[in-house]
Amino acid sequence: MSAPATATHDAVGHREPSKFHTFIALAMVLAVITGLEVVLVYTPWTPWIIIASLCVLSAFKFLCVIFIFMHLRWDKLFCTILFFIGLVLASGTMWALLHLFGADASKPLSSAALEFARAAQAGRV
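Everything numeric here is computed off the predicted structure, so don't read it as measured data.

The rules behind these values
Residues numbered from 1 in each chain as written. Predicted model: local features only at pLDDT ≥ 70, side-chain atom pairs only at ≥ 80, totals over all residues. Heavy atoms only, no water. Helix = DSSP H or I, 4+ residues; strand = E, 2+ residues; numbered from the N terminus. Buried < 20%, exposed > 50% of the residue type's maximum accessible area, 1.4 Å probe, protein only. Contact = heavy atoms within 4.5 Å. Areas by Shrake-Rupley, 256 points an atom, 1.4 Å probe, with all protein chains shown as cover. Salt bridge = Lys/Arg side-chain N within 4 Å of Asp/Glu carboxyl O. Expected span 1.5 Å × (residues − 1). Phe/Tyr/Trp six-rings, centres within 6.5 Å; stacked < 30°, edge-to-face > 60°.

**Structural notes on the overall build of the protein**
So, point 1. Along the protein, the regular secondary structure elements total 4 helices and 0 strands.
So, point 2. In sequence order, the protein lays out its α and β elements as α-α-α-α.
So, point 3. Burial status across the protein gives 13% buried among its 125 residues.
So, point 4. A separation threshold of at least 6 residues defines the contact pool for the protein, and within that pool the share at least 24 residues apart is 38%.
So, point 5. Counting only carbon and sulfur atoms, one obtains 74% of the accessible surface of the protein, whose full area is about 10,200 Å².

Here it is in structure tokens:
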């Protein structure tokens, strides 16, 4: 017969929490943050506050996942640097896309587009 599994203890005798409980707690925190992100989208705040908040929350979730779920906390520094390079590249790409496509929203509509929009509202199109 095999010996029963015992909990690991440190030198003082405190019981070390199992990784299962750590993963479940982190999953619950990530679920709450995701719910907060969904609620944040429907708030009547200015768009730049919402976008900045979503970026910060997403970066925090990214860091939690790579450090805990992917065990990066115990890996070499080189692996951590690789993941941060990916985060920087993704953030830069997102920033460029927001500026690229957000620039058109600030320009006024041309007269032809404005006439088409009025006709569409009146039901003539």
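**Here's the deal with the pattern of salt bridges**
So, point 1. Inspection of every chain in the model, using the stated rule, returns 1 salt bridge.
So, point 2. For glutamate 37, the salt bridge is made with lysine 61, and the minimal N-O distance between the two is 3.1 Å. Of this pair, glutamate 37 sits in helix α1 (residues 19-41) while lysine 61 sits in helix α2 (residues 47-69), placing them 24 residues apart in sequence.
So, point 3. Judged by relative accessible area, which is 19%, lysine 61 ranks as buried.

**Topic: α2**
So, point 1. The end-to-end C-alpha distance of α2, which contains 23 residues, comes to 32 Å, matching closely the 33 Å that a straight helix rising 1.5 Å per residue would cover.
So, point 2. Taken as a whole, α2 has its buried residues at Ile50, Leu57, Lys61, Cys64, Ile66 and Ile68.
So, point 3. Trailing α2 by a residue or two, histidine 71 shows a phi angle of about 55 degrees, which is positive.

**A closer look at the packing of aromatic side chains**
So, point 1. A complete count under the given rule lists 2 aromatic pairs for this structure.
So, point 2. With 5.5 Å between their ring centres and 45 degrees between their planes, phenylalanine 23 and phenylalanine 69 make a pair best called tilted. Taken as a pair, phenylalanine 23 in helix α1 and phenylalanine 69 in helix α2 lie far apart in primary sequence, 46 residues in all.
So, point 3. Judged by centre distance (6.3 Å) and plane angle (55 degrees), the rings of phenylalanine 67 and phenylalanine 84 are tilted. Taken as a pair, phenylalanine 67 in helix α2 and phenylalanine 84 in helix α3 (residues 77-105) lie far apart in primary sequence, 17 residues in all.
So, point 4. Judged by its relative accessible area of 31%, phenylalanine 84 is partly exposed.

**Section: α1**
So, point 1. Between its first and last C-alpha, α1 extends 33 Å over 23 residues, near the 33 Å set by a 1.5 Å rise per residue.
So, point 2. If you follow the buried residues of α1, they end up packed against α2.

**Quick notes on the side chain of threonine 80**
So, point 1. Within the secondary structure, threonine 80 is located in helix α3.
So, point 2. Not counting the four nearest positions on each side in its chain, threonine 80 is found in contact with Phe67 and Leu72.

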